[in-house]
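Working through the structure, step by step
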Amino acid sequence: VNPRHSENQILINIHELFHCFQRGIYRYRFGNLRINTDLDYAVWSEVEGLALEKALLAPDEAEARARAADFLAARRLKQAASMTPLEGNQESEDDLMEGTAVYSTTRTLELMKEGGYKPLIGKADDPWFEGFAQADAYFNKEIKALTEARGASMEAKMKCYQYGNFQALILSRLFPGWQDGFFQSGKLLSGVLVERLGLRGRALTDVGEALKDRYP
């Protein structure tokens, strides 16, 4: 993907305009996350990223559900070991705010492919506009960004862009229509995943106990 192409600026504009939409119906409740990582945070955060990628790219729905459960279990273990409840909510709210803004661009690319998008302008109008011919490349860029984010062991703040995006994409894969009333509900992405997957109490604990075997 050429960073000089006009598509990059269009996607940035969509991202920032989505923040305008958010601010009309939602306000930060928990503040801005500022923590230092430790070993537990780094390990379980990387497992979260691995599970998110596996869930989105899983070949079938059962596998996608199982790997989404892995993400939720890893998050619970990480937050229990390294974070206060307020910090956990701050992290999940950052996922919500920045992640859904990234999701708005990713979902736009998906809809372009699904709907047979045809640009109304050409090279004569904008020599740097490729008509989103490389939509797949832009999506693969998001996969690469997730890989880089999960491997950033000392990072706590900036993972929210990709971790939130992938939670939203997984919700769209498993539960179409989940977006309806989402911001008005005051729920967090991880909370909606827990509810939709029916993972309460012991069920999520059992998943967590098996993580070390699946992610050695």
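Residues numbered from 1 in each chain as written. Predicted model: local features only at pLDDT ≥ 70, side-chain atom pairs only at ≥ 80, totals over all residues. Heavy atoms only, no water.

Focus on the confidence of the model for the protein
Across the protein, the average pLDDT comes to 93, with 100% of residues at or above 70. Here helix α9 (residues 202-209) stands out as the least confident element of the protein, with mean pLDDT 89; helix α6 (residues 160-174) is the most confident, with 97. (pLDDT = per-residue confidence, 0-100. Helix = DSSP H or I, 4+ residues; strand = E, 2+ residues; numbered from the N terminus.)

Brief notes about α6
Relative to the 21 Å expected for 15 residues at 1.5 Å per residue, α6 spans 21 Å between its end C-alpha atoms, a close match to the ideal helical length. When you tally the buried positions in α6, you get 13 out of 15 residues, the bulk of the element. (Expected span 1.5 Å × (residues − 1). Buried < 20%, exposed > 50% of the residue type's maximum accessible area, 1.4 Å probe, protein only.)

Overview of the pattern of salt bridges
Here the structure, examined in full by the defined rule, presents 19 salt bridges. Residue R67 pairs with E63 through a salt bridge whose shortest N-O separation is 2.9 Å. Here the residue R67 and the residue E63 both occupy positions in helix α3 (residues 61-82), the gap between them amounting to four residues, near one helical turn. You can call R67 buried: its relative accessible area is 11%. Of the charged contacts in the structure, one is a salt bridge between D70 and R214, with a shortest N-O distance of 2.7 Å. Taken together, the residues span a long stretch of sequence, with D70 in helix α3 and R214 in helix α10 (residues 211-214) at a distance of 144 residues. Accessibility expressed as a relative area gives 0% for D70, which makes it buried. When salt bridges that share partners are traced, they join E48, R75, K78, E91 and D95 into one network. (Salt bridge = Lys/Arg side-chain N within 4 Å of Asp/Glu carboxyl O.)

With respect to unusual backbone geometry
One non-glycine residue, F132, lies in positive phi territory at about 55 degrees. Relative to the elements of secondary structure, F132 occurs in the loop between α4 (85-114) and α5 (135-150). Owing to a relative accessible area of 7%, F132 belongs among the buried residues under this scheme.

Quick notes on the packing of aromatic side chains
Following the criterion strictly, the structure yields nine aromatic pairs and no others. Ring centres 5.2 Å apart and planes at 50 degrees place the aromatic pair F18 and F21 in the tilted group. Taken as a pair, F18 and F21 lie in helix α1 (residues 6-25) at a separation of three residues, close to a single helical turn. You can call F18 buried: its relative accessible area is 18%. Residue F21 is classed as partly exposed on the basis of its relative accessible area of 43%. Ring centres 6.1 Å apart and planes at 55 degrees place the aromatic pair F18 and F183 in the tilted group. Separated by 165 residues along the polypeptide, F18 in helix α1 and F183 in helix α7 (residues 182-185) bring together distant segments of the chain. (Phe/Tyr/Trp six-rings, centres within 6.5 Å; stacked < 30°, edge-to-face > 60°.)

Let's talk about the environment of A55
On the secondary structure map, A55 appears in helix α2 (residues 39-57). Separated by 48 residues in sequence, A55 and Y103 place their C-alpha atoms 16 Å apart. When near neighbours in sequence (up to four residues on either side) are disregarded, A55 contacts A64, R67, A68, I170 and R173. (Contact = heavy atoms within 4.5 Å.)

Examining α4
In a regular helix each residue adds 1.5 Å, so 30 residues correspond to 44 Å; α4 covers 40 Å between its end C-alpha atoms and thus fits that length. Along α4, the helix axis deviates most sharply at G99, where the bend reaches about 30 degrees. (Bend = angle between axes of the 7 residues up to and from the residue.)

Side note on the environment of A152
Relative to the elements of secondary structure, A152 occurs in the loop between α5 and α6. Spatially, the C-alpha atoms of A152 and Y163 are 13 Å apart, while their sequence positions differ by 11 residues.

Section: the nonpolar core
One finds L72, I170, W178 and L197 to be the most contacted residues of the largest nonpolar core, which totals 45 residues. Among the secondary structure elements, those contributing two or more residues to this core are α2, α3, α4, α5, α6, α7, α8 (189-197) and α9. Those residues within four positions of I170 in sequence are excluded, and the remaining contacts are L52, A55, L56, A68 and L193. Core analysis: the next-biggest nonpolar cluster, separate from the first, contains seven residues, L109, M112, F129 and Y138 among them. (Core = buried A, V, L, I, M, F, W, Y, C linked by side-chain atoms within 4.5 Å.)

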